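For reference, the chains in residue letters:
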Amino acid sequence: MTGRKNPNPAQPGPRGRLQPSDWIWAGFRALVQGGPQALRVEPIARELATTKGSFYWHFADLAALRAAMLEAWEQVATTDITMAVRQSGLPARDQLLLLVDKVSIPPDSAAGGDAVEPAIRDWGRTDDMARQVLERVDRQRLADLRDFFAATGLAPAAARPAAAVFYATVIGLESLRLTAGITMRGPLRALAEQLLTPR
């Protein structure tokens, strides 16, 4: 991102004055509604009721907006959640259940709502930059989950597949939340409890 970068991309700018975050969240809404081809300056500017000049005040070009969107998604949907759980001071088992609670909260509608992460995964199928970020996020989330499971006392040989099963379930439930209205928290908590139960 170039220009005047909002120190916290998760927060919208003051009312009446667009900030980079306003363009980022509008970009997510466009991605959800129209796919990667909808990430264009003029339509997003119209949605924000502003001009292209506002966009170029904050971003050098469309590639910079796309990079900022991916950076914001990685920060808000991965780094911030993991950090909050680790800083909670809870016992290891309760940290994992807190993680379940946090990943089960639907994203804000201002940033695309339930459909934003599935839309980013679709984006990664056709865009190299999105795919690279998605691969990095998936690797990081799996590593974090292995750490959380291992901290509960699971051996590394058990923590690794537990992380993979749990994460695959998260991804599947995100899609089912869209198509079948399924809430994520109950199934994820049940799975976490099952994976943590000694056999």
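Residues numbered from 1 in each chain as written. Predicted model: local features only at pLDDT ≥ 70, side-chain atom pairs only at ≥ 80, totals over all residues. Heavy atoms only, no water.

Student: Explain helix α7 (residues 128-151) here, please?
Tutor: In an α-helix, one turn spans 3.6 residues, which is why side chains three or four residues apart end up on the same side. Across its 24 residues, α7 extends 35 Å between first and last C-alpha, which sits within 8% of the 34 Å expected from 1.5 Å per residue. Of the residues making up α7, those classed as buried are Ala 130, Val 133, Leu 134, Val 137, Asp 138, Arg 141, Asp 144, Leu 145, Phe 148 and Phe 149. Looking at the buried side of α7, the elements it contacts are α4 (62-86), α5 (92-103), α6 (116-124), α8 (156-179) and α9 (185-196). One side-chain oxygen of the residue at the start of α7 lies 3.1 Å from the amide nitrogen of Met 129, identifying that residue as Asp 127. Once α7 finishes, Gly 153 follows within two positions and takes phi at roughly 115°, a positive value. (Helix = DSSP H or I, 4+ residues; strand = E, 2+ residues; numbered from the N terminus. Expected span 1.5 Å × (residues − 1). Buried < 20%, exposed > 50% of the residue type's maximum accessible area, 1.4 Å probe, protein only. Contact = heavy atoms within 4.5 Å. Polar contact = N/O pair within 3.5 Å; in protein donor to acceptor, adjacent residues only side chain to side chain.)

Student: What exactly am I supposed to notice about the packing of α5 against α7 here?
Tutor: Any two packed helices are characterised by the angle at which their axes cross and by the distance between the axes. At their nearest, the axes of α5 and α7 sit 8 Å apart, and the two run at 145° to each other. Side by side, α5 and α7 meet where Ala 92, Gln 95, Leu 96 and Leu 99 of the first sit next to Leu 145, Phe 148, Phe 149 and Ala 151 of the second. Taken together, the residues of the contact of α5 with α7 sort by class into seven nonpolar, one polar and no charged. (Axes fitted to C-alpha atoms, helices over the stretch in contact; angles between N-to-C directions. Nonpolar A, V, L, I, M, F, W, Y, C, P; charged D, E, K, R; others polar.)

Student: For this particular structure, what's the right way to read α5?
Tutor: Here α5 contains twelve residues, and its C-alpha end-to-end distance of 17 Å stays within 8% of the 16 Å for a straight helix at 1.5 Å per residue. Residues Gln 95, Leu 96, Leu 97, Leu 99 and Val 100 constitute the buried set of α5. For α5, the secondary structure elements touched by its buried residues are α4, α7, α8 and α9.

Student: What is the right way to read the environment of Val 76 from this model?
Tutor: Structurally, Val 76 can be placed in helix α4. Placed 51 residues apart in sequence, Val 76 and Trp 25 show a C-alpha to C-alpha distance of 12 Å.

Student: What is the right way to look at the environment of Ala 164 in this model?
Tutor: If you trace the backbone, Ala 164 turns up in helix α8. You can call Ala 164 partly exposed: its relative accessible area is 38%. Taking the C-alpha atoms as reference points, Ala 164 and Met 184, separated by 20 residues in sequence, lie 17 Å from one another.

Student: Please clarify how the pattern of salt bridges should be interpreted in this entry.
Tutor: Two side chains bearing opposite charge may form a pair once their charged atoms approach each other closely. Across all of its chains, the model carries 14 salt bridges by this definition. Between Lys 52 and Glu 42 there is a salt bridge, with its nearest N and O atoms 3.4 Å apart. Of the two residues, Lys 52 is situated in helix α3 (residues 52-58) and Glu 42 in helix α2 (residues 41-47); the sequence distance between them amounts to ten residues. On the accessibility criterion, Glu 42 (44% relative accessible area) is partly exposed. Note that Arg 121 is salt-bridged to Asp 138, the shortest N-O span being 2.8 Å. With Arg 121 in helix α6 and Asp 138 in helix α7, this residue pair connects regions lying 17 residues apart in the sequence. Comparing Arg 121 with Asp 138 shows no difference in burial state: the two are buried. (Salt bridge = Lys/Arg side-chain N within 4 Å of Asp/Glu carboxyl O.)

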